[in-house]
Each structure stands twice: as structure tokens, then as C-alpha cells.
Amino acid sequence: EAVRIGNFARRWKTVACVVGFLGVALAVVLTMRVSKEVSKIQERKAFAPSGVPSTLPSFVPSSPPSFDPRPTLEIVRERGFVRCGLRNTTVVAHKKPRLKLCRAIAAVLLGDPKSFEGVLVTVVNRFQKLRDRAIDVLLDGATHTIEREVRERTTKSGFAFSTPYIYDGMTYFGDKHYVDCADRQLRYGKCSSLLICVLNSTTHDDFLRRIFPSEFLRAVSSWEKMEDMLYNDANSTDHPMNDNCNAIASDQLKLLNVASSEKSIDRKFVVG
């Protein structure tokens, strides 16, 4: 008895050839695609800094050409003296505690308390000098924060901190009326002429920018300038059109010391 043969049975060889051809073509296309991607990656690596693909943004700041990658302790011992970052007032007044701390570090590391060099820093450049290794250690009233440990705002680098040995808090100093306005965070009515001076690039500056609009703040580069701006505006009752201010924000201990000065008592300034 004759059996009818289906279309697939009669053409299976043709179907197998077509499927095989398509499979080979797909494999060739995939191979070419992978080869192109590999070539692109190798090309990127050739122009990228080590370990950082050129197509990705780098959050690691570049080091200066003279940067020494060795541990700081090794560099200090080879150099023979330690560089301490100090404010101008600390270097001038040789009996300041931070200068004594610098001597103590030199004595421990090098066996000689005189083996140090005081390098002047400001609140604006102190972390930059530390990152660039212009100084080995910063001896300043720098607030210890997690942000500064991970990625300090001005340098985009992280820093190690010692155990805090002074605990303090921010407060206001100046004309009683404006200090009260600042404490209560009032910015309208009789407080509309409030103008607070604060040291630039400090945690006090960061905090105030979160609670006051920019027109109520003046960020300055030094403590001396901030004092001058306050005392120059002592008799002003209107919102200053210049860079003077009627209150300043800083550490409470520092402000209490300033408040005891004769020029502060004469003007009847208060600490918040």
C-alpha cells in the first residue's frame, strides 16, 4: 500500500541547510560585534588614567606633579622635621597650646621638640594645603564630621582626624537685638536688617546657609576681618549696604573671650 510522504519529509535536507546557514551567519555577526566592542574598550584604556575608564567621570582629584605617594610618617622622618599647619595668631603667640602640640608631635616622631616648621594656613586653604602635603598635620579648630572623613567639600578628599580634645558649639555675638534675631532665626520686621558674618568654608558657614537666605550672611576669610566688619557696623541701625555686619557666628569659647575685651564691653555686645 502506498504511503503519502509529507512536505517536511521531502524537503528536510533543504530546511536543514537553511537553518545551518542562518546559524553560521548569526555566529559570524556576533563575533564581529564582540570584536568591535573589545577594540573600543582597548582604545579607551589606552587613553584613560590607570584603573579609570575614560568614559566614566572621575571623582578622585588629580594630585600635584610633585606629589609624593609615600606614607606621611616615612616622608617626615626622611625630611627630619614635621610641618604643622597653624593659623597666624598661633604662630605669632609662641605659647599657644596648638604650638605646644606641634612640638609634642615632633618629639614623638623625631625625638626633638624643635624639629618642626610652622606653616601658615587660613580657614579657606587649610584642607587644600593638607591634601597637597604642604603640611603634614593640621592643628586647628577643625570640626570633625563624617563628610570631611569621606569627601571634604573644598578638596573632594577624605582626611583622618584625631580624637576631639575640645568640645564646643556655635553661637552668635554682637548687638543684643540682632543676636536675639539670629538665635530665633527671625528675618522679618525689626530683624530684616540682620546681617551675620561667618568664616568661609567652615561648618558654621554650612549650617547658616541651611537656615538663612544668602542676603543675611557674609562669608569672610579671616577672624580679624570678621571682627572689623562687626565693630565698624556697631552704630548702624539699617541693613548695611557695604560688607559690614551686626552679628558674627563662631565657637562659643572664642566669642566669650572676645566679649570680655574692652571694645566689646563699651558697645554692650552680648553672646547668644
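For the structure itself, look to the data block above.
Residues numbered from 1 in each chain as written. Predicted model: local features only at pLDDT ≥ 70, side-chain atom pairs only at ≥ 80, totals over all residues. Heavy atoms only, no water.

Remarks on the overall build of the protein
Consideration 1: Looking only at helices and strands, the protein has 11 helices and 8 strands in total.
Consideration 2: Every one of the 272 residues in the protein was classed for burial, and the buried ones make up 28%.
Consideration 3: Sequence-distant contacts, at least 24 apart, represent 63% of the contacts inside the protein between residues at least 6 apart.
Consideration 4: For the protein, the exposed surface amounts to about 17800 Å²; the carbon and sulfur share of it is 57%. (Helix = DSSP H or I, 4+ residues; strand = E, 2+ residues; numbered from the N terminus. Buried < 20%, exposed > 50% of the residue type's maximum accessible area, 1.4 Å probe, protein only. Contact = heavy atoms within 4.5 Å. Areas by Shrake-Rupley, 256 points an atom, 1.4 Å probe, with all protein chains shown as cover.)

Focus: the packing of aromatic side chains
Consideration 1: Going through the model one piece at a time under the given rule, you end up with 3 aromatic pairs.
Consideration 2: Arranged with centres 5.4 Å apart and planes meeting at 40°, the rings of phenylalanine 127 and phenylalanine 159 form a pair that is tilted. Remark: phenylalanine 159 occurs in the loop between helix 6 (146-151) and strand 4 (170-174) and phenylalanine 127 occurs in helix 5 (residues 126-131); sequence separation between them is 32 residues. A single burial state applies to phenylalanine 127 and to phenylalanine 159, both of which are buried.
Consideration 3: Members of the aromatic cluster, each reached through a chain of ring pairs, are Phe173, Tyr231 and Phe269.
Consideration 4: If you follow arginine 79 out to its NZ or CZ, it ends over the ring of phenylalanine 81, 5.3 Å from the centre.
Consideration 5: Across from the ring centre of tryptophan 223, 4.7 Å away, lies the NZ or CZ of lysine 254, which sits over that ring. (Phe/Tyr/Trp six-rings, centres within 6.5 Å; stacked < 30°, edge-to-face > 60°. Lys NZ or Arg CZ within 6 Å of the ring centre and 35° of its normal.)

Examining the pairing of strand 7 (residues 247-251)
Consideration 1: Here strand 7 lies mainly inside the structure; 4 of its 5 residues are buried.
Consideration 2: Across 5 bridges, strand 4 lies against strand 7 in antiparallel orientation. Its bridge partner being in strand 7, glycine 174 is matched across the sheet by alanine 247. (Pairing = 2+ DSSP bridges.)

Some details on the state of the cysteines
Consideration 1: In total, this model carries 3 disulfides according to the counting rule given.
Consideration 2: Each disulfide pairs two cysteine sulfurs, and for cysteine 197 the partner residue is cysteine 245, the sulfurs being separated by 2.2 Å. The sign of the -110° torsion about the S-S bond sets the cysteine 197-cysteine 245 disulfide as left-handed. Taken together, the residues span a long stretch of sequence, with cysteine 197 in strand 5 (residues 196-199) and cysteine 245 in the loop between helix 9 (223-232) and strand 7 at a distance of 48 residues. Of the two residues, cysteine 197 and cysteine 245, neither departs from the other in class, the shared state being buried.
Consideration 3: In the protein, the bonded cysteines, numbered by position in the sequence, are linked as 1-2, 3-4, 5-6. (Disulfide = S-S within 2.5 Å.)

Description of the pattern of salt bridges
Consideration 1: Taken as a whole and assessed by the stated rule, the structure comprises 11 salt bridges.
Consideration 2: One salt bridge in this structure joins arginine 70 and glutamate 78, with 2.8 Å as the shortest N-O distance.
Consideration 3: Look at arginine 70 and you get partly exposed, because its relative accessible area is 23%.
Consideration 4: The partner of aspartate 205 in a salt bridge is arginine 209, with the nearest N and O atoms 2.7 Å apart. With a gap of 4 residues between them, aspartate 205 and arginine 209 both fall in helix 8 (residues 203-211), about one helical turn apart.
Consideration 5: Judged by relative accessible area, which is 2%, aspartate 205 ranks as buried. (Salt bridge = Lys/Arg side-chain N within 4 Å of Asp/Glu carboxyl O.)

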